[in-house]
Every structure is written in structure tokens, then in C-alpha cells.
Amino acid sequence: EPEVTQTPSHQVTQMGQEVILRCVPISNHLYFYWYRQILGQKVEFLVSFYNNEISEKSEIFDDQFSVERPDGSNFTLKIRSTKLEDSAMYFCASRAPPGEQYFGPGTRLTVT
Amino acid sequence: QKEVEQNSGPLSVPEGAIASLNCTYSDRGSQSFFWYRQYSGKSPELIMFIYSNGDKEDGRFTAQLNKASQYVSLLIRDSQPSDSATYLCAVNRGGGSEKLVFGKGTKLTVNP
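I will try to describe carefully the structure that is included in this document. (Residues numbered from 1 in each chain as written. Chains lettered and ligands numbered in written order. Predicted model: local features only at pLDDT ≥ 70, side-chain atom pairs only at ≥ 80, totals over all residues. Heavy atoms only, no water.)

**Remarks on the nonpolar core**
Part 1 of the argument: Core analysis: the largest hydrophobic core is formed by 24 residues, its most contacted members being B:W35, B:V72, B:L74, B:I76 and B:Y87.
Part 2 of the argument: Grouped together as the second largest cluster of nonpolar side chains are 21 residues, A:F32, A:F49, A:Y90 and A:C92 included. (Core = buried A, V, L, I, M, F, W, Y, C linked by side-chain atoms within 4.5 Å. Buried < 20%, exposed > 50% of the residue type's maximum accessible area, 1.4 Å probe, protein only.)

See below:
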């Protein structure tokens, strides 16, 4: 069964450094998403992406965040200058229209 | 005002019993409703979705939606220890928005 994959599974970085989280959505899916979950808190929407552009973003997704689909398979989330409060699990999800959102296994980001 | 509310639990049921999980939402215009299961340290896994008022059954799971009461529930029949997880209710308002708004989740423990 096709799955969303994410790399790395765990990323440790120092405050102020740039990180890129990578996702490979399910191959026939057209909508892509990033969510995050701070430890012990709820899953929060960051951004949705369709037809090579951002379709919706939350207040969390400020100028420090960007997304890109650099080729036909990868979908990336970049955080330009990480803060301690960016430490969280980051989940990529994808959806085929019609259909529901399926989540990848996540990347645990630890900012020290 | 919280957008999606769930009783955080923990909810404890004996093996073989029916587990009942509840969720209320504040946006009356919400269109789509989802239940995700999340094991500790893992990503959300879609188990049920419902779009219309009434009941929807899939194996041991039944989702119930009452839009007038802004209430959605999940019943798990013949609960198994492997059902022990946190159950996340998620809501989408539709109208072009792709964002899922999650509740904090209800932790379910099924005791052998």
C-alpha cells in the first residue's frame, strides 16, 4: 500500500540554523500539507500546497517557513532560522482528490 | 473558544467492550469530519471519515455525526488491547479550505 515517507526521522539542530524537512507524498496525490505537533499538544496545520503554490497557511507559517516541490516527487519544508519553540514533530500529509489526508511518519525536530 | 473539543480521558474499557469517543466543534459550517488514531510517538492514522448526518460503519468502527448539535462520535465495538491509543477528531470547514483542525485527542486504554 502506498505511503507518505519523510526524512530524516529525527533532526537535531542548533538555534538559528536552517533545516529542511523532506517528504515524498503518495505518487498520485495532488494536495500536500505540513502539520506540526509540539509534545503533548494537538496537531496543528501549517500549510497546504496545490498546483505548485501555497493554497492556505496558518499564522504559525510565517516568513521563517517555506515550502517547495523541487521535483515530481519531493515536497520540502524549510525553516530558515530555527527557534527553540520550533521543536516538534513535523508531519507531511497528502491527498488525492477526492479523498482524505494521509500522514507520513513524521520528523522529530529538536532545536538546542 | 476552542474549535474542536474532546475529552482528554484517559478512557479505560475492558477488552470486548464498546468504547465511545466524543467530539464537539464550534464552526457550524464544518463539512467533513475525521477520526485519526495516534499511537504514542507515531503519526495520525486515518480510521474513519464522515460527511453526512447519521451513522457510518466500517468493521468494528462506527462514526456518528449530528451537525445540528455540532457533535461527532466514534464507537469501537469489541475493543481490543491493540486499540489502545489516542484518538484524534479532526474537522474541515470545506469551501476551498484544506485545513484540518484537530482536537487534543482522547487517550483510550483497553484492558485485557
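**A closer look at the pattern of salt bridges**
Part 1 of the argument: For the structure on display, the rule yields six salt bridges over all chains.
Part 2 of the argument: Residue A:R95 is joined to B:E98 by a salt bridge in which the shortest nitrogen-to-oxygen separation is 2.9 Å. Taken together, the positions of A:R95 in strand 9 (residues 88-95) and B:E98 in the loop between strand 9 (85-92) and strand 10 (101-102) put the pair across two chains. Assigned by exposure class, A:R95 and B:E98 land together as buried.
Part 3 of the argument: When the shortest N-O distance is used, the salt bridge between B:E45 and B:R37 registers 3.1 Å.
Part 4 of the argument: You can call B:E45 partly exposed: its relative accessible area is 34%.
Part 5 of the argument: Since its relative accessible area comes to 12%, B:R37 is described here as buried. (Salt bridge = Lys/Arg side-chain N within 4 Å of Asp/Glu carboxyl O. Helix = DSSP H or I, 4+ residues; strand = E, 2+ residues; numbered from the N terminus.)

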